[in-house]
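# Chain and residue survey
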Amino acid sequence: MQTSYEVIIFGLGGIGSGAAYWLGRQYGRDVLCLEQFEIGHVRGGSQDHSRIIRLSYHTPAYVALAQQAYQAWAELEADAAESLIVRTGGLDFFPVNAAIPSSDYTESMAACSVPFEWLSAAEVRYRWPQFHLMDDVQAIYQAESGIAPAARCNAAHLRMAQAYGVVLQDNEKVTAVQDSNAEITVITDKARYQCRYLIITGGAWSNEALAHFGWQLPLTVTQEQVTYFATPDLAAFVPERFPVWIWMDDPCYYGFPAYGEAGIKVAQDVGGAEVTAVSRTFTPNPDNAKRVAAFTKRLLPAGYGPPILAKTCLYTLTPDRDFVIDTLPGHPHIAVAIGAGHAFKFASLIGKLLGELVVDGATAAELSPFKIDRPILRQTNPPKQFLV
Ligand SMILES: Cc1cc2nc3c(=O)[nH]c(=O)nc-3n(C[C@H](O)[C@H](O)[C@H](O)COP(=O)(O)OP(=O)(O)OC[C@H]3O[C@@H](n4cnc5c(N)ncnc54)[C@H](O)[C@@H]3O)c2cc1C
């Protein structure tokens, strides 16, 4: 059995799968991926039919990164000969005195020359009569927004990675890592491996992984949930006729057209309780479900019906809700990514960037906001700002 590799990828969720693909293109069978559970498991943050992809973001750095994310998906789609990203258009709703400032979004998109429309409630109701909106709500419409079909995207990344020769080992847990700077030793519950470069994409287990290097970050893991509602008027909520949307207030809700299930999907952002990757359950929280149902009934009466399905899933939140995309200080051949509960749309790009960071020592992308040793991440009990 080969035990020495150029690259080892630790954790095969959305971001790890992206890294497997991009590093597979470069190093083929000299890439080993280690996943503690079965591939496609639902214990982390990257499963389900859909994730929102959008250019509308609250800083120019994220808008620029999102533009590159679309390119990365397009390259995967071309290489895999599979169409993945579903463009539905996207609406960001800002009620009067919204907790999230619309100017952050409009100015950031303007700074990156991303076209958008600023719509009144009446204009939204005219174009999408599915929405029941009060007159004091305004919206930003951006045409490129849509769906990144999470499970299909992960599968495409891994199928292509294997086509390049990448070795996928699931049900194998990394239990220790030692970096001698000449080489990195990765010990699992089954074997011992050496590599030159290590990519850590551990999601809610990130602090467990970083502990091997004496690092701990002030992360908050929450148990989030999404609900699919049996939509009576299904034809009005198909992706061709209904956009993804985000209600930019506190509480913050977001939703999808009917995709993957016979009904619309709605959820509250950061609506879940703090848990750990071990203490989490798979039982949806009834209060969260009630909040989401009530909101859906108000905003989308024609889309609302009995719940078909509710699923739980984990966010791994940094206190400022910014990603970590960086090499570990003192370990230039080890890169880490943490998705802060909004990284799936960037999964392919972040996978690519992690490879560039360890192999080339740099990337063309602007990653300074995502440093692992930024001041707020060095505080034990930092202030938390999860709504952005
Ligand atoms: C309900 C919900 C809705 C979301 N909506 C959106 C959205 O609309 N748009 C968007 O862009 N993002 C969204 N996100 C966020 C996005 O899904 C995540 O940021 C992203 O998927 C995280 O990917 P990851 O690879 O970092 O983590 P994960 O997918 O959790 O992967 C980490 C992997 O590491 C493995 N691992 C950990 N420790 C070990 C070990 N010791 N040995 C081996 N393997 C190990 C785990 O088993 C796991 O498979 C949402 C997340 C949730 C939960």
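Scroll up to find the structure.
In this report, we go over the structure that sits alongside the text. (Residues numbered from 1 in each chain as written. Predicted model: local features only at pLDDT ≥ 70, side-chain atom pairs only at ≥ 80, totals over all residues. Heavy atoms only, no water.)

## Section: the site of the ligand
Heads up, the condition is: The nearness test applies per residue and asks whether one of its heavy atoms lies within 4 Å of the molecule or strand. Pairs of N or O atoms are called polar contacts if they sit within 3.5 Å, as long as, within protein, a hydrogen donor faces a hydrogen acceptor (for residues adjacent in sequence, only side-chain-to-side-chain pairs). The Shrake-Rupley method, run with a 1.4 Å probe sphere, supplies the accessible areas, and residue values consider only the shown protein chains as cover. The numbering of helices and of strands both runs from the N terminus, where a helix is a DSSP run of H or I of at least 4 residues and a strand a run of E of at least 2. Under the scheme applied, nonpolar residues are Ala, Val, Leu, Ile, Met, Phe, Trp, Tyr, Cys and Pro; charged residues are Asp, Glu, Lys and Arg; polar residues are all the others, including Gly. Boundaries between domains were set according to an automatic or database domain assignment.
The environment of the ligand is made up of 34 residues, and the closest members are Glu 35, His 41, Ser 46, Ile 52 and Cys 313. For the ligand, an oxygen atom lies 2.7 Å from a polar atom in the side chain of His 41. A distance of 2.9 Å separates an oxygen atom of the ligand from a polar atom in the side chain of Arg 51. In isolation the ligand offers 1,000 Å² of accessible surface; the protein chains occlude 96% of this area. If you list the elements that add at least two residues to the shell around the ligand, you get helix H1 (14-27), strand E3 (51-53), strand E13 (220-229) and strand E18 (307-317). Residue composition of the shell around the ligand, grouped by class: 14 nonpolar, 14 polar and 6 charged. Formed jointly, the shell around the ligand draws a minimum of three residues from each of two domains, domain 1 (4-46 + 151-216 + 320-378) and domain 2 (75-147 + 220-317).

## Topic: helix H2 (residues 60-80)
How we decide: For a helix, the expected span equals 1.5 Å multiplied by the number of residues minus one. Exposure is judged per residue with a 1.4 Å probe applied to protein chains only, and the accessible area is read against the type maximum: over 50% gives exposed, under 20% gives buried, and values in between give partly exposed.
Spanning 21 residues, H2 covers 30 Å between terminal C-alpha atoms, matching the ideal 30 Å at 1.5 Å per step. Taken together, the buried positions of H2 are occupied by Tyr 62, Val 63, Leu 65, Ala 66, Ala 69, Tyr 70, Ala 72, Trp 73, Leu 76, Glu 77 and Ala 80. Residue Ala 81 follows H2 closely and has a positive phi angle near 50°.

## Some thoughts on unusual backbone geometry
Omega for the bond connecting Asp 250 with Pro 251 falls within 30 degrees of zero, at 0°, which places this linkage in the cis form. Considering the arrangement of structural elements, one finds Pro 251 in the loop between strand E14 (244-247) and strand E15 (252-256). Of note, Asp 48 is a non-glycine position whose phi angle comes to about 115°, a positive value. Here Asp 48 shows up in the loop between strand E2 (31-34) and E3. Given a relative accessible area of 8%, Asp 48 falls into the buried group. Phi is positive for Val 270, close to 50°, though the residue is something other than glycine. Structurally, Val 270 can be placed in the loop between strand E16 (265-269) and strand E17 (274-275).

## Description of the sheet that holds strand E8 (residues 146-148)
In a beta sheet, neighbouring strands pair by backbone hydrogen bonds and run either parallel or antiparallel. The test is simple: When DSSP locates at least two bridges between a pair of strands, those strands are taken to pair.
Read from one edge to the other, the open sheet built from 3 strands follows the order E3-E8-E4, with strand pairing classed as antiparallel. Only two strands of the sheet have a single partner each, and these edge strands are E3 and strand E4 (86-87). Alignment of E4 against E8, held across 2 bridges, turns out to be antiparallel. Across the sheet, residue Val 86 finds its bridge partner in E8, namely Ile 147.

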